[in-house]
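Descriptive analysis of the structure
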Number of protein chains: 2
Amino acid sequence: MTNLAIGVDLGGTSIKAALINRDSGIVELRSSPTLAHEGPDKVIDRISMLINDLSAEAVGDSIGGIGIGAPGAVNWERDTVINPPNLDGWQRVNLQVELQDRLRTNLPVIVENDANVAGLGSAHYGAGAPHNSFIFVTLGTGVGGVIVYNNKVFRGATGGAGEIGHMTIDYEGPIDHAGVAGSIEAYIGQRFLSKHAKYRLHTKTNSLIHKMTNGDLNTITPKILYEAAEKGDEGAIEVLSWAGHKLGCVLGSAVNLLDIRKLIIGGGVSAAGSYILKPAYETLVRFVIPGLRDGLEIIRETLGNEAGILGAAHLVFEYLDEHSYSA
Amino acid sequence: MTNLAIGVDLGGTSIKAALINRDSGIVELRSSPTLAHEGPDKVIDRISMLINDLSAEAVGDSIGGIGIGAPGAVNWERDTVINPPNLDGWQRVNLQVELQDRLRTNLPVIVENDANVAGLGSAHYGAGAPHNSFIFVTLGTGVGGVIVYNNKVFRGATGGAGEIGHMTIDYEGPIDHAGVAGSIEAYIGQRFLSKHAKYRLHTKTNSLIHKMTNGDLNTITPKILYEAAEKGDEGAIEVLSWAGHKLGCVLGSAVNLLDIRKLIIGGGVSAAGSYILKPAYETLVRFVIPGLRDGLEIIRETLGNEAGILGAAHLVFEYLDEHSYSA
């Protein structure tokens with residue numbers, strides 16, 4: 001069985017693709033701007049070109065298939081992208097058929113939600129590797145989640161499981177973009193967190209944040225908060241700690257429901273590291289029932305964007321494992 | 001393969017056991033007081049006697065095994081009960097060994113948490129039967145939960161999954177018995193709900209509840225609230241509706257995390273039926289992200305206590321399915 005696959009990370013601004021070796025990871029990386037406004041056909045052409053380039057690099061070695069992480073929902077059969085945000089005109093696109101046509105191949109093409117492939121990447125190449133089951137949480141613009149159970153993504157009834165960002169921690173709290181009150185995303189999604197920081201630091205004129213943003217608190221980012229915290233800025237530390245405590249509440253609910261006790265945190269906001277994760281752990285313990293506390297752990301994912309490409313390729317390796325009966 | 005098994009429901013006040021036919025359900029039912037204060041040995045003797053009685057009823061037909069629903073935690077191997085509440089002196093009891101010894105049999109004895117067996121009962125004999133995956137919620141003294149995924153109990157990493165009662169809907173809310181703030185149990189667990197009703201109806205002197213409790217609001221039960229609601233009592237309807245809305249919030253969080261869209265509600269408090277479940281559904285929809293709303297349904301379980309015995313017996317049928325390779 002071949003050890004090579006191509007992993008693709010289809011994003012709103014760029015497409016990343018790589019030739020992946022199952023054991024050693026990324027062999028060769030390519031990328032291209034998405035230019036999503038040109039519509040699906042042109043974007044799929046670009047994906048197809050990247051794949052052709054990478055196939056040429058595999059000289060002599062056979063490639064097992066192509067895995068793709070895409071934004072939005074993916075159907076149960078994992079061939080079709082449905083209503084992806086940030087991709088104009090993509091209501092429903094069967095990427096498997098489109099790519100097999102363009103590439104004139106019968107190689108398996110497997111599509112999966114981008115959060116899910118990032119979780120798979122973590123499970124096989126990142127902080128999740130030592131654990132059979134974990135909850136993977138991405139702290140970025142939004143708050144994404146993936147349940148990895150016995151080394152596979154738990155997909156739920158239709159493939160949409162893992163939306164931890166929209167679990168509520170206060171039924172009368174602020175409303176997120178999906179309309180849910182008090183969801184964790186409405187506290188610590190990047191935009192909400194920055195806004196909270198702005199209000200909280202507004203009157204703390206001695207906070208470094210005022211200098212670091214040249215007085216424009218609208219430009220606060222988690223990165224700025226983290227840098228200020230590193231320099232000992234109390235205001236920044238307070239804001240990140242506030243965010244961490246909120247995160248701990250929702251993680252507690254998830255642990256109580258799933259009895260999965262390893263929580264892996266990735267994404268841009270997680271750069272703030274222990275300033276968020278330490279208070280998160282303190283609160284987590286209080287929100288998990290005593291019988292489920294043994295072995296509770298919050299772990300920071302160290303893989304960056306490559307988690308998605310690696311996880312996408314791993315879709316292929318999983319597929320080959322399931323469809324191969326030879327030695 | 002035999003179609004008969006014995007299901008046991010071990011409770012703090014009574015032990016119920018039944019001979020179960022896989023297709024037709026309960027064939028013969030027996031019960032005995034638990035007399036838990038006499039300690040594990042005596043209680044296990046009583047379980048063993050009930051099983052012997054039922055075996056005698058099976059004249060000629062072979063019995064496939066014994067399934068037991070027990071309070072508290074059960075180990076991963078499903079043979080040992082750990083720290084069951086309401087059973088004195090049971091820190092850790094291997095019920096499989098104890099019963100096989102007493103019964104002088106090698107028949108499989110499988111132990112499982114009582115909430116989980118009730119969920120299994122629903123899955124195979126109750127409201128869950130038409131659905132492959134659902135979340136089963138028991139509204140009683142506490143709020144219990146079971147995740148049934150592809151017709152099996154989702155057990156999590158150590159067998160403790162399903163504690164929906166301790167998921168928070170308000171991180172600054174009232175504290176439940178496990179120490180979790182704002183958990184759903186701290187709102188609608190029987191004792192909390194009765195207390196809430198007491199405070200809420202205290203000044204509503206025209207509410208029927210005052211008559212129905214002979215003026216002692218400490219004796220309010222969900223049943224009394226339901227009966228008053230049936231008679232059109234506004235105060236009672238308000239309290240049940242308040243409880244339903246709270247329930248909807250936590251169900252929404254669970255749906256977002258699991259993408260399981262059928263919610264089956266059983267237990268004593270569910271007797272209040274649509275007075276709780278209708279408002280629960282209204283709120284549920286608002287707490288589930290739009291992409292996961294299709295097919296959302298709250299269904300009332302109609303099986304009563306027998307769900308546990310039926311589910312316990314089904315542990316045996318599952319076991320036989322997995323361990324039999326003959327036709």
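Here the structure is a predicted model, which means the values were calculated and not measured. (Residues numbered from 1 in each chain as written. Chains lettered and ligands numbered in written order. Predicted model: local features only at pLDDT ≥ 70, side-chain atom pairs only at ≥ 80, totals over all residues. Heavy atoms only, no water.)

Section: helix H5 (residues 190–201) of chain B
- Between its terminal C-alpha atoms H5(B) stretches 16 Å, which fits the 16 Å expected from twelve residues at 1.5 Å a residue.
- Of the surrounding elements, those touching the buried residues of H5(B) are helix H4 (185–188), helix H6 (208–212), helix H7 (222–230) and helix H8 (234–258) of chain B. (Helix = DSSP H or I, 4+ residues; strand = E, 2+ residues; numbered from the N terminus. Expected span 1.5 Å × (residues − 1). Contact = heavy atoms within 4.5 Å.)

Section: the domain arrangement of chain A
All names here are of chain A.
- Along its sequence, chain A is organised into domain 1 (4–114) and domain 2 (127–300).
- Placing a centre on the C-alpha atoms of domain 1 and another on those of domain 2 gives a separation of 30 Å.
- With five residues of domain 1 at the interface, the matching set in domain 2 holds five residues.
- Carbon and sulfur atoms make up 42% of the area that domain 1 and domain 2 hide from each other, which totals about 390 Å².
- Counting across the domain 1 and domain 2 interface gives one salt bridge.
- Between Glu 112 and Arg 155 there is a salt bridge, with the nearest N and O atoms lying 3.4 Å from each other.
- Our enumeration of links across domain 1 and domain 2 arrives at two residue pairs in polar contact (both at pLDDT 80 or more).
- Residue composition of the side of domain 1 that touches domain 2, by class: two nonpolar, one polar and two charged. (Domains from an automatic or database assignment. Buried area = accessible area lost by both parts, 1.4 Å probe. Salt bridge = Lys/Arg side-chain N within 4 Å of Asp/Glu carboxyl O. Polar contact = N/O pair within 3.5 Å; in protein donor to acceptor, adjacent residues only side chain to side chain. Nonpolar A, V, L, I, M, F, W, Y, C, P; charged D, E, K, R; others polar.)

So, the sheet that holds strand S4 (residues 66–70) of chain A
Residue and element names in this part refer to chain A.
- With mixed pairing, the five strands of this open sheet are ordered in space as S3-S2-S1-S4-S8. In this open sheet, the two edge strands, each paired with only one partner strand, are strand S3 (25–33) and strand S8 (109–113). Neighbour to neighbour, the strand axes of the sheet diverge by 20° on average, direction disregarded.
- Where strand S1 (residues 4–10) and S4 come together, four bridges link them in parallel fashion. Residue pairing in the sheet places Val 8 in a bridge with Ile 68 of S4.
- Against the sheet, helix H1 (residues 40–57) makes contact with S1, strand S2 (14–21), S3 and S4, and its axis sits at roughly 150° relative to S3, the strand it touches most.
- Running at roughly 135° to S1, helix H10 (residues 306–323) makes contact with S1, S2, S3, S4 and S8 of the sheet. (Pairing = 2+ DSSP bridges. Axes fitted to C-alpha atoms, helices over the stretch in contact; angles between N-to-C directions.)

So, the relation of the copies chain A and chain B
- For the pair chain A and chain B, the relating rotation is 180°, the translation along its axis is 0.0 Å, and the fit reaches an RMSD of 0.1 Å. Overall, the copies show the geometry of a two-fold rotation axis. Proximity to the rotation axis, assessed at the C-alpha, singles out A:Asp170 in chain A; its C-alpha lies 2.0 Å from the axis.
- Mapped onto chain B, 100% of the interface residues of chain A are again interface residues, and the two copies thus contact each other with one and the same surface. (Least-squares fit on C-alpha atoms with pLDDT ≥ 70 in both.)

Digging into the side chain of A:Thr80
Residue and element names in this part refer to chain A.
- Along the chain, Thr 80 turns up in strand S6 (residues 80–82).
- There is a polar contact of 2.7 Å between the side chain of Thr 80 and the side chain of Asp 79.
- Those residues in contact with Thr 80 that lie beyond four places of it in its chain are Ala 73, Val 74, Asn 75, Arg 92, Val 93, Asn 94 and Leu 95.

Quick word on the packing of H1(A) against helix H2 (residues 95–103) of chain A
All names here are of chain A.
- In the contact formed by H1 and H2, the axes pass within 10 Å of each other and the chain directions differ by 55°. By the angle between their axes, H1 is oblique relative to H2. At the point where H1 passes H2, the crossing takes the right-handed sense. The segment H1 lies against H2, with Asp 41, Ile 44, Asp 45, Ile 47, Ser 48, Ile 51 and Asn 52 engaging Leu 95, Glu 98, Leu 99, Arg 102 and Leu 103.
- Looking at the contact of H1 with H2 residue by residue, the classes come out as six nonpolar, two polar and four charged. (Parallel < 35°, antiparallel > 145°, perpendicular 65-115°, else oblique. Left-handed = near helix turned anticlockwise from the far one by under 90°.)

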